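As a plain string of letters, each chain reads:
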Amino acid sequence: MCMRVFRQIFCLKNLIFFMGLVEDLQAEIEARSLTKGGWASGNGSRASVETTCYGLMALHDRRSDARDIAIDFLLQIQNRDGSWPAFDGDDAEGCWTTATVLIALRFANAQFTDFEKSISWLLANKGREGHWFWKWKFKTVDRAVQFNPDKSGWPWFPGTVSWIIPTAFTMIALSQWLPCCRAGEIRNRIELGMEMLRDRACPQGGWNAGNGIVFGAALKPHIDSTAIALLALSDNADPIAIQGVKWLRLDCIDCSSVYSLSWATLALLMHRDGALNRCVVNLLRALSANSSVSNIEALSLAVIAINAVQGNGNPFQVGV
Amino acid sequence: MNRRDWLITSAAVTGSAVTVRFRHRKYSRDLRPKQSRVAILHADQYSDRLDELVYEGLRLFNLDVRGKSVLLKPNIVEYIPGKPVNTDAQLIGAAAEAFLRLDAASVVVAEGPGHHRDTDLLVHETGLNDQLRQRKITFVDLNRDDLIKTQLQANYSGLGELWLPRSVLDSDFIVSMPKVKTHHWAGVTLSLKNMFGIVPGSRYGWPKNILHWAGIHESILDICATVRPHFVIADGIVGMEGDGPLNGTAKELHTILLSDDPVAADSILARFLGSEPSTVMHIQEAGRFIGNHEGVVL
């Protein structure tokens, strides 16, 4: 498959050839579906919820057993409180994957009616710095990590502080499910999440995992954190988003990672940035490298990104 | 009670609480060897010459790794050009080669970066990918491995159990390969702290924030009591001092430290960085059950 991808990049003059490539990648993803449903991450043999969400998004419009049993799998392992665990067999504690599942199920048009509990779980979950005691601590005693604890989002797991990626995913999920219920609360939390993202942007633009500054020094942004935050901050006129896009545009020029380039493609597409074509070329080039193709998350994200560029839907789209 | 009295009383109460907390035995087994051994190798720079240097250094220990699966756990945090925050790729490659020459059945390099979700990118940017490809060594992303729920063999953090990667638990011989650095919260980040990287991001997030809330020193002790590194190869050729793990300035130590005891290794390395090991809580406490503070220098 790698050789085929490689040939397509260099033999076709026009980049609008993706259909064959996407089908190849989708077939590869289907073939790696687990018997019980879903997909494993990395070297694993048990289904990972996050990886399964990406796999499902990649096959969302395909008639496929793998797609159908992935949906069944996700619905079966939902926790009683409406949240989702991190992987098949995990403890019944919810985590950030709750947001990614909501995004995936909606995108795949899955029959899912029990969403109110999931929304409630997300609304009840917040970064630990949102508690008055920790706000006080971060404002007075612990100033090494500089951020405004009044502006909190969502943690990876309950009981810890807010981080960029889970905050952005949850904002996207809540935005997409906004008409369902508790609209006022959802809007307030999304607004607070936006403030948190703006507060923690890196000075040069973009986002690291959490704060932009630690011990007075600016941290280096990451492509995936930046792209995912930009998907949540979909307002093209937001100055922090503009700065983030500017950073992303420059950094994805030399990037060779399928995973990061796929996220960058989705974000640049949403922000209608001129660097999109170059990013897609880099993504195709990276897909031809052997090392990246082994990773099911990266493969799925590549399909999602290419499909989105083709106009076949962006699962992370908000405000539509 | 005035403000001064209140502060003194608070300090006394806190001090007593900490003392009481550590007086009780919190570990289930004593892992200390009868004697610990250390070798301090001199190296001016990262080069191909490390292959022979590390191999000869390992031979001093007469390690029995024949037929065993060896897992090298370097410290790969973030790629920041010009800042020596990661274990150098050349040294990792040299260590892998040396264990294969000592007839290990297999050698893998495994890491679960704390902040960075794109492990492929990090491995590429740090130059590790080139080393691995050149030497045909497999890399395992510990953030995305199969996980096994594991009872912790000490109870400093109160976590009780952690989901840990199968690749680590199934390995016969684990080598912690830290970058020698100071650390803002932990004091130093050496072979014991390096084991934070085995805790999987897919289960605990990026970063593994639960460990910070449970206490960094306490979590280090619980993890190392459960998965004690069998050996240490520390990258002190160029270390880092300052507000680690990410911010700081290069400190040329021209040293690779090898040891069969992570506590002995960290005690010596802490001194290299200007810290007394007794002032670093996890090193001090680890001397009670994980290893010895002193070792014979080979």
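From a predicted model like this one, the values you see are computed outputs, not experimental measurements.

## With respect to the overall build of chain B
From N to C terminus, chain B includes 11 helices and 12 strands. Sequence separation of at least 24 residues holds for 76% of the intrachain contacts in chain B that already meet a minimum separation of 6.

## A word on the overall build of chain A
The secondary structure content of chain A amounts to 15 helices and two strands. In chain A, buried positions account for 55% of the 320 residues. Taking all contacts inside chain A whose residues are at least 6 apart in sequence as the whole, residues at least 24 apart take part in 64%.

## Describing the interface of chain B and chain A
Size of an interface: often given as the accessible area lost when the parts come together. Opposite the 28 residues of chain B that make contact, chain A presents 34 residues. Breaking the side of chain B that touches chain A down by element, the ones donating at least two residues are helix H4 (119-125), strand E4 (138-141), helix H7 (201-204) and helix H8 (209-214) of chain B. Classifying every residue of the side of chain B that touches chain A by side-chain character gives nine nonpolar, nine polar and 10 charged.

## Here we look at helix H9 (residues 216-226) of chain B
Residues and elements named next belong to chain B. The element H9 is largely enclosed, with a buried count of 11 among its 11 residues. Residues of H9 that are buried include every one of Ile 216, His 217, Glu 218, Ser 219, Ile 220, Leu 221, Asp 222, Ile 223, Cys 224, Ala 225 and Thr 226, and no others. Buried residues along H9 sit in contact with strand E5 (147-151), H8, helix H10 (262-272) and helix H11 (281-286).

## Brief notes about helix H15 (residues 296-309) of chain A
Residue and element names in this part refer to chain A. Helix length check: H15, at 14 residues, gives a terminal C-alpha distance of 20 Å against a target of 20 Å (1.5 Å per residue), a fit within 8%. Most of H15 is tucked away, with 14 of its 14 residues classed as buried. At the exit of H15 stands Gly 311, carrying a positive phi of roughly 90°.

## Some details on the packing of helix H3 (residues 49-58) of chain A against H15(A)
Residue and element names in this part refer to chain A. Where H3 contacts H15, the two axes come as close as 8 Å, and the packing angle between them is 35°. For H3 against H15, the interelement crossing comes out left-handed. Where H3 abuts H15, its residues Thr 51, Tyr 54, Gly 55, Met 57 and Ala 58 lie against Ile 296, Glu 297, Ser 300, Leu 301, Val 303 and Ile 304. When its residues are assigned to classes, the contact of H3 with H15 shows seven nonpolar, three polar and one charged.

## Points about the environment of Leu91(B)
All names here are of chain B. By the element assignment, Leu 91 lies in helix H3 (residues 89-101). Judged by the 26 C-beta atoms lying within 10 Å of it, Leu 91 is buried. With 151 residues separating them in the primary sequence, Leu 91 and Gly 242 have C-alpha atoms 23 Å apart. With near-sequence residues (within four places) excluded, Leu 91 lies in contact with Tyr 46, Leu 50, Asp 235 and Ile 256.

## Things to note about the environment of Leu231(A)
Residue and element names in this part refer to chain A. Inspection of the secondary structure puts Leu 231 in helix H10 (residues 223-232). The class for Leu 231 is buried, based on 23 C-beta atoms found within 10 Å. For the pair Leu 231 and Ala 218, spaced 13 residues apart in sequence, the C-alpha to C-alpha distance is 23 Å. Those residues in contact with Leu 231 that lie beyond four places of it in its chain are Ala 168, Ile 172, Leu 266, Ala 267, Met 270 and Phe 316.

## What to know about the confidence of the model for chain A
Taken as a whole, chain A shows an average pLDDT of 87; of its residues, 87% reach a score of 70 or greater. Confidence over residues 1-14 of chain A falls short of pLDDT 50; this stretch has 17 contacts with residues more than four positions distant or in other chains.

## Some words on the packing of H10(A) against helix H12 (residues 258-270) of chain A
All names here are of chain A. Interhelical geometry of H10 versus H12 gives an angle of 30° and a closest axis separation of 8 Å. In terms of axis orientation, H10 runs roughly parallel to H12. In this structure, H10 meets H12 at a crossing whose hand is left-handed. Listed contacts from H12 to Ile 223, Asp 224, Ala 227, Ile 228, Leu 230 and Leu 231 of H10 are Tyr 259, Ser 260, Trp 263, Ala 264, Leu 266, Ala 267 and Met 270.

## Describing the pairing of strand E7 (residues 173-177) of chain B
Residue and element names in this part refer to chain B. Summarising burial for E7: four of the five residues are buried, a large majority. When strand E2 (residues 69-74) meets E7, the two strands line up parallel, connected through five bridges. Looking at E7, one finds that Lys 73 is bridged to Ser 176. Pairing of E7 with strand E10 (residues 231-241) involves two bridges; the strand directions are parallel. Directly across from Val 175, in E10, lies its bridge partner Phe 231.

## Let's talk about the nonpolar core
Core analysis: the largest hydrophobic core is formed by 188 residues, its most contacted members being Ala168(A), Leu231(A), Ala302(A) and Ala95(B). When residues of this core are assigned to their parent elements, the largest contribution, 11 residues, is made by H15(A). When neighbours within four sequence positions are excluded, Ala95(B) is seen to be in contact with Val54(B), Leu72(B), Val175(B), Met177(B) and Ile233(B).

## Considerations on unusual backbone geometry
All names here are of chain B. Geometrically, the link from Trp 206 to Pro 207 is a cis peptide bond, its omega value of 10° lying close to zero. When you line up the elements, Pro 207 lands in the loop between H7 and H8. Its identity as a non-glycine residue notwithstanding, Asn 62 has a phi of 50°, on the positive side. By the element assignment, Asn 62 lies in the loop between helix H2 (50-59) and E2. Using a count of 8 C-beta atoms within 10 Å as the deciding quantity, one classes Asn 62 as exposed. A positive phi angle, near 70°, is found at Asp 103, a position not held by glycine.

## Brief notes about the confidence of the model for chain B
A low pLDDT score tells you not to read the predicted coordinates there in detail. Here chain B shows a mean pLDDT of 91. Residues at 70 or above account for 90%. Complex prediction metrics read pTM 0.90 and ipTM 0.89.

## Considerations on the environment of Leu132(B)
Residues and elements named next belong to chain B. When you line up the elements, Leu 132 lands in helix H5 (residues 128-135). When the C-alpha positions of Leu 132 and Lys 26 are compared, they lie 40 Å apart, and in sequence the two are 106 residues distant. When residues no more than four places from it in sequence are discounted, the contact partners of Leu 132 are Val 109, Ile 137 and Phe 139.

How each quantity is defined
Residue positions within a chain follow its written sequence, with the count starting from 1. Chain letters and ligand numbers both follow the written order, the letters beginning at A and the numbers at 1. Local features in this predicted model are restricted to residues whose pLDDT is 70 or higher, and side-chain atom pairs enter the listing and the counts only when it is 80 or higher, whereas totals over whole chains, interfaces and linings include all residues. For the purposes of this entry, the term helix denotes a DSSP run of H or I that reaches at least four residues, the term strand denotes a run of E that reaches at least two, and both are numbered from the N terminus. Contacts are defined on C-beta atoms placed from the backbone: any two residues whose C-beta positions lie within 7 Å are in contact. To assign burial, the other C-beta atoms lying within 10 Å of each residue's own C-beta are counted, with C-beta atoms placed from the backbone; 20 or more indicates buried, 12 or fewer indicates exposed, and intermediate counts indicate partly exposed. Polar here means any residue other than Ala, Val, Leu, Ile, Met, Phe, Trp, Tyr, Cys and Pro, which are nonpolar, and Asp, Glu, Lys and Arg, which are charged; Gly is therefore polar. The length a helix should cover is 1.5 Å for every residue beyond the first. A fitted line through C-alpha atoms serves as each axis, taken over the contacting stretch for helices, and the angle formed by two N-to-C directions is quoted from 0 to 180°. For any helix crossing, the convention is left-handed if the near helix is rotated counterclockwise from the far helix by under a right angle, and right-handed if that rotation is clockwise. In predicted models, pLDDT denotes the confidence assigned by the predictor to each residue on a 0 to 100 scale. Note on terminology: angles under 35 degrees are roughly parallel, angles over 145 are roughly antiparallel, angles of 65 to 115 are roughly perpendicular, and the others are oblique. By this definition, two strands are paired if DSSP reports at least two bridges between them. What we call a nonpolar core is a set of buried Ala, Val, Leu, Ile, Met, Phe, Trp, Tyr and Cys residues whose membership is set by joining through C-beta atoms within 7 Å.

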